[in-house]
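# Observations on the three-dimensional arrangement
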Amino acid sequence: MVQQLKSVYGSGICEATTFAGQNYLVVDRAACHDVLRTLDEQMSYHCLTDLTAVHYPKDALPFEVVWILYSMSANERVRVKARFADGEEVPTATDRWAAANWMEREVYDMFGVRFAGHPDLRRILLPEDWTGHPLRKDYDLQHQDTDWVRKNLGIESGQ
Amino acid sequence: MSDKQFYESLDEVEPGHTFLGSNELVLNMGPQHPSTHGVLRVILKLDGEKVNGLECVLGYLHRGIEKVAESRTWTQFAPFVDRLDYTAAVSNSLGYCLAVEKMLGVEVPKRAQYLRVILTELCRLASHQIWLGTHLLDIGAVTPLFYTFRDREYILNIFEKYCGARLTNHAFRIGGCRWDAYEGFSKEILHLCDDLLPKIDEYRELITGNRIWLQRTKNVGYISVEDCRSYSITGPVLRASGVCWDVRKAQPYSSYEDFEFDIPTGTASDTFDRYVVRVEEMRQSIRIIRQAVEGLAEGPIIAKVPKVIKPPVGEVYVSIEAPKGELGYFIVSDGSAQPYRVRVRPPSFINLQALEKMSKGSLVADVVAIIGTLDIVLGEVDR
C-alpha cells in the first residue's frame, strides 16, 4: 500500500511507520486530500472513524491534523497525519464523508483550525461568540471568557 | 383560484415542496425537554407537522474533559472518563485503560481480563435497560420504564458490592482491576443471569406485539447502509441496517475471542429493528457473562505497572464496542507523566449527526422516536 502511494505521490508521503502495531502515514499538507481520496476510492478505506488535531506550539507547523480511517473489508485501520501552519486552511473531508462535518467543526472550535470548503464551519460545543480555542496549549486550564460570562450569564465576577 | 383548481394544482407540486412558503415554522425543542435525554437542543424547521430540516445545538454539558486530561497524570485522569457516558461508565474506563496499556505494552492478567468482560457486559445490560425504558417512555409507554429500572437495580447492586459505587464506578485501573471478585460474586452473577433471561422475554411480551409501538417504530428513522458508512455510524444502529460489524468480533480486546456469541443484525434499518437488535444483544451479553464467570481462573488481577506511569513517546488509537457504538481513544504521549492529548471518539456524538438525515420528511413525533433509537448520552456528546 505504502509503495503504491509513494509511486503516485512521491515525496508527498513523508513517512510510513508502525507504532505499537498501528500503521500511520505522515503526508505533506499539499497531498493530504489526494491521499485520503486514494485510500477511500482505491484501497477500501471507506470509513472515516475519527478526525482530530494535536497542537505542538513550538514547531514551525504547529497543528497536526489526524484522520483515522478504517477498512471494513481488510479490517485494518490507518492514520493519516499532516502538519499545518497557524491560520492555514485544511482541505475539508466533508465532500467524501458526511461524518467529517461535525468532526471538523469540533476541531475548529477547539483548535481554531479552519477547513477550506466546509459547508458550515461554526463552533459546535462552545457558544458562537466565545473567544479562544481551548485545546490550544497556550489556553490556560482555568481560562474563561469572562466577558462572555458577564454578558450572557450575568455573573459579575465573570468566573 | 377555486378550491378545485387549488387541489388540482397540488398534484403538480414536487415532493418536498412547502405549501406554507415563507411561513416555515421554526420550533425549539430542548435543552430542557424530557425526550432529548439530557440537554440536547434541536431546532426544528417545520411545515405543519412535517420536518423539513433540523439542527442540533450542542455543548450544554461541555466540561472540557479532553482539556482536563492534559493537566492530570495518566492515572489521575482515569476516573474522569466515567463521566462521559455515565450510563455505561465501565465501558469508558475499559477503553481508556486499554489505550494506556497498549502504549505501555502491558499484558493484563487473564483473571482481570475476564473480570473486565463480566463487568462491561453487565454494564451493557444496564445501559440497554435505560435505553429501552426511556425510549418507550418517550413514545408514550410508561410501564416498561418501571420494569427495566427494577431489573437494572440488581446490576447496580453488583457494581456497588464490587467497588462501592453504583454509577461512576472507576472499577478498572491501568494494568488490570483494583478489586478482586468478592465472596459469592460468581454465584450472584449467574443467579442474576438466570433471573434476567425470563425478564427479557417479559419485555418482549410487553412491547413487541403492541400495535401502537409497531406503528410508531416500523419504517421510522430509516437510514441506508451507504449513509451509515458516510456518517461513520457504529453500534446497534449500524447492525440494524444489516452490517454484521462489532469491534468485539472484528478486533477483539480483553479476551473477547475466548467467548462464543452472535452479532444480532436487522434488515429494515428502522427504529423497530434497532429495538430488536438491542434486545437480542442483551441475551448475547448474558451468554458472554455466563462463559466468563465459568472461565474465571485464579490468578493476579493487576499487572506490574510503575507507580508513575510514563508511556513512551508516541500515539495509539484503541477502540472498544461500547453499548452506543465504537468508543475510541486516541492518546498522544510526550513521554511525561501527563497525557499530551487525549481524544475521545464518542459514538453518541458521531451517531447523533445522522439525526437530520434520519428525520427529514418525517413527523415531529418521529423525531422523538429517532432521538430515542439513536441512544445518545449527552455526557458523551458534549464531553
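Residues numbered from 1 in each chain as written. Chains lettered and ligands numbered in written order. Predicted model: local features only at pLDDT ≥ 70, side-chain atom pairs only at ≥ 80, totals over all residues.

Okay, the overall build of chain A next. Helices and strands together make up the secondary structure of chain A, namely 4 helices and 7 strands. When its helices and strands are written in sequence order, chain A yields α-β-β-α-β-β-β-β-α-β-α. Out of the 159 residues in chain A, the part that is buried amounts to 39%. Pairs at least 24 apart in sequence give 45% of the contacts found in chain A among residues at least 6 apart. (Helix = DSSP H or I, 4+ residues; strand = E, 2+ residues; numbered from the N terminus. Buried ≥ 20, exposed ≤ 12 C-beta atoms within 10 Å, placed from the backbone. Contact = placed C-beta atoms within 7 Å.)

Strand pairs in the sheet, formed through backbone hydrogen bonds, run parallel or antiparallel to each other. All names here are of chain B. Taking strand neighbours across the sheet as the criterion, the 3 strands line up as β1-β2-β3 in an open arrangement whose pairing is antiparallel. Because the sheet does not close on itself, it has two edges, and the strands there are β1 (25-29) and β3 (50-57). Each adjacent strand pair in this sheet contributes to an overall mean axis angle of 20°, direction not counted. Most of the contacts of helix α15 (residues 364-374) go to strand β2 (residues 41-47), to which it runs at about 150°, and overall it touches β2 and β3. (Pairing = 2+ DSSP bridges. Axes fitted to C-alpha atoms, helices over the stretch in contact; angles between N-to-C directions.)

Before going further, it helps to spend a moment on the packing of helix α6 (residues 143-163) of chain B against helix α7 (residues 185-207) of chain B. Residue and element names in this part refer to chain B. Between α6 and α7, whose axes approach to 11 Å, the crossing angle comes to 170°. Comparing their axes, α7 and α6 come out roughly antiparallel. Here α6 contributes T143, P144, Y147, D151, Y154 and I158 to the contact with α7, which in turn contributes E188, I189, L192, L196, K199, E202, Y203, L206 and I207. For the contact of α6 with α7, the class distribution of residues is 10 nonpolar, 1 polar and 4 charged. (Parallel < 35°, antiparallel > 145°, perpendicular 65-115°, else oblique. Nonpolar A, V, L, I, M, F, W, Y, C, P; charged D, E, K, R; others polar.)

All right, on to helix α4 (residues 146-153) of chain A then. Taking burial as the measure, the 8 residues of α4(A) include 0 buried ones, a minor fraction of the element. Two residues or fewer past α4(A), A:G154 is found with a positive phi of approximately 70°.

Residues of chain B with pLDDT of at least 70 account for 94%, and the chain-wide mean is 87. Taken over the whole predicted complex, pTM reads 0.85, whereas the ipTM for its chain interfaces reads 0.86. (pLDDT = per-residue confidence, 0-100.)

Compared with an ideal rise of 1.5 Å per residue, which puts 16 residues at 22 Å, helix α4 (residues 89-104) of chain B spans 23 Å between its outermost C-alpha atoms and is within 8% of the ideal. Across the 16 residues of α4(B), 15 count as buried, placing the element largely inside the fold. (Expected span 1.5 Å × (residues − 1).)

It is worth spelling out the pairing of strand β2 (residues 22-27) of chain A at this point. As a general feature of sheets, a regular strand has side chains that alternate between the two faces. Residues and elements named next belong to chain A. By the bridge criterion, 6 bridges tie strand β1 (residues 13-19) to β2 in an arrangement that is antiparallel. Paired with E15 across the two strands is V26, which belongs to β2. Taken together, β1 and the strand that follows it, β2, pair antiparallel across an intervening segment of 2 residues, in which A20 is found at a positive phi of about 50°.

This part covers the interface of chain A and chain B. With 27 residues of chain A at the contact, the number on the chain B side is 30 residues. The dominant element in the side of chain A that touches chain B, judged by the number of residues it contributes, is strand β3 (residues 47-55) of chain A, at 6 residues. Grouping the amino acids of the side of chain A that touches chain B by side-chain chemistry returns 18 nonpolar, 6 polar and 3 charged.

All names here are of chain B. According to the domain assignment, chain B consists of domain 1 (3-57) and domain 2 (65-382). Between the C-alpha centres of domain 1 and domain 2 the distance comes to 34 Å. Across the boundary between the two partners, domain 1 contributes 15 residues, which contact 17 residues of domain 2. Elements that contribute at least two residues to the side of domain 1 that touches domain 2 include exactly β2 and β3. Across the side of domain 1 that touches domain 2, the residue classes tally to 8 nonpolar, 5 polar and 2 charged. (Domains from an automatic or database assignment.)

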